[in-house]
Amino acid sequence: MIVKIWGILLFSVLALAAGAESPFPGDRDLPALNTAAGAGYLSPAEKEVIFEINKLRANPKQYAESCLVPLIAGYQGKKLYLPGEVPILTQEGVSALHDCIRELKRAAPQPPLYPDYGLTLAARDHVSDQSRTGKTGHTGSDRSSSRTRIERYGSWQFAIAENIFYGESDARRVVIHLLIDDGVPGRGHRKNFLNSDFRLVGVAFGKHPKYKNMCVMDFAGSFQQSQRQ
């Protein structure tokens, strides 16, 4: 099965959950969630993204209550106000946040994602390309799709998908914004995070000429890296 739920989200000013405590006290000691801890090819920020996604997948309800519910009070109309930050103008206002909270509270826990080097190479290709061109979206300057980039490095099974975020480089902010999916029809980023078909992920952070930073996440059910890589 091919899952074509690919998402892109752009924010130039982010402050969600800044300084918020982890919804899993002591979770850095839980290897079941911190699956990227030993992946030397990943940067600390890339490891943190995988760790944050796994915290969400392990207990969606608790993640919603700890990380999302506190944000409700910051909305005034379509603007999100957070202490000491420039207001964020949203498209849907607090309704997108409420929608996310409702879904996470009824979502079933999912197994953790594990980092994959081949998927990481595919994600890095796109970051490298858009860091140079300043473009956004899932199509590369060479007209490659996320599937094309993934298949450069091996073969996959069950499902693949790609999330892209432009803006801050803080892992929790990246995950929370993609979860809320304000203005995104179908909530594709959220679905990718919670998809039970996915077991592997590649993450790449990089600079972006317009949005300062970007993060690409490539997901797969399974992946066999090509021997020529």
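Here the structure is shown first, and the text comes after it.
Q: What is the right way to read the pattern of salt bridges from this model?
A: When their charged atoms lie close together, side chains carrying opposite charge are able to pair. Taken as a whole and assessed by the stated rule, the structure comprises 13 salt bridges. Across the pair Asp99 and Arg187 runs a salt bridge whose closest N-O atoms are separated by 3.2 Å. Taken together, the residues span a long stretch of sequence, with Asp99 in helix α3 (residues 94–106) and Arg187 in the loop between α6 (171–180) and α7 (188–194) at a distance of 88 residues. Take Asp99: its relative accessible area is 23%, and that puts it in the partly exposed class.

Q: I keep staring at the pairing of strand β7 (residues 200–208) and nothing clicks. Help me out?
A: In regular strands, side chains alternate between the two faces of the sheet. Judged by how many residues are buried, β7 sits mostly within the fold: eight of nine residues are covered. Where strand β5 (residues 114–115) meets β7, two bridges bridge the pair, whose relative direction is parallel. Each residue of the ladder has a partner; that of Pro115, found in β7, is Val201. Across nine bridges, β7 lies against strand β8 (residues 212–225) in antiparallel orientation. Residue pairing across strands places Val201 opposite Phe219, the latter belonging to β8. Between β7 and the antiparallel strand that follows it, β8, lie three residues.

Q: Would you mind showing me how to read the packing of aromatic side chains here?
A: Aromatic ring pairs are reported here in terms of the distance separating the ring centres and the angle at which the planes meet. In the structure shown here, the tally under the stated rule is four aromatic pairs. Measuring from centroid to centroid gives 5.0 Å for Tyr41 and Tyr117, while their planes differ by 70°, and the two rings are edge-to-face. Highlighted residues: Tyr41 in the loop between β1 (7–10) and α1 (44–58) and Tyr117 in helix α4 (residues 117–133), separated in sequence by 76 residues. Note on Tyr41: relative accessible area 27%, which makes it partly exposed. Assessed through its relative accessible area of 37%, Tyr117 is described here as partly exposed. Relative to Tyr211, the ring of Tyr166 has its centre 5.9 Å away and its plane inclined at 55°; by these criteria the two rings are tilted. On the criterion of sequence distance, the pair formed by Tyr166 in strand β6 (residues 154–166) and Tyr211 in the loop between β7 and β8 is long-range, its members being 45 residues apart. For the pair shown, Tyr166 and Tyr211 are each scored as buried.

Q: I tried to follow the sheet that holds strand β2 (residues 75–76) on my own but got confused; where do I start?
A: Strand pairing in a sheet takes place through backbone hydrogen bonds and is either antiparallel or parallel in direction. Strand order in the open sheet made by the three strands is β2-β3-β4, with antiparallel pairing throughout. Of all strands in the sheet, those with a lone pairing partner are β2 and β4 (88–89), marking the two edges. Note that β2 and strand β3 (residues 79–80) share two bridges and pair antiparallel. Among the inter-strand pairings, Tyr75 is bridged to a residue of β3, identified as Leu80.

Q: Would you take a moment to explain unusual backbone geometry for this structure?
A: Phi is mostly negative for residues that are not glycine, and the peptide bonds are mostly trans. Phi is positive for Phe158, which is not a glycine, with a value near 75°. Among the structural elements, Phe158 can be located in strand β6. The residue Lys212 is not glycine, and still its phi comes out positive at about 75°. Secondary-structure assignment places Lys212 in strand β8.

Q: How should the side chain of His208 be read in this particular structure?
A: Note on placement: His208 falls in strand β7. Note on His208: relative accessible area 4%, which makes it buried. Within the structure, the side chain of His208 is placed 3.1 Å from the backbone nitrogen of Tyr211, a separation counted as a polar contact. Contacts of His208, omitting those with residues within four sequence positions, involve Gln130, Gly134, Lys135, Thr136, Tyr166, Asn213 and Met214.

Each value, and the rule that gives it
Residues numbered from 1 in each chain as written. Predicted model: local features only at pLDDT ≥ 70, side-chain atom pairs only at ≥ 80, totals over all residues. Heavy atoms only, no water. Salt bridge = Lys/Arg side-chain N within 4 Å of Asp/Glu carboxyl O. Helix = DSSP H or I, 4+ residues; strand = E, 2+ residues; numbered from the N terminus. Buried < 20%, exposed > 50% of the residue type's maximum accessible area, 1.4 Å probe, protein only. Pairing = 2+ DSSP bridges. Phe/Tyr/Trp six-rings, centres within 6.5 Å; stacked < 30°, edge-to-face > 60°. Polar contact = N/O pair within 3.5 Å; in protein donor to acceptor, adjacent residues only side chain to side chain. Contact = heavy atoms within 4.5 Å.

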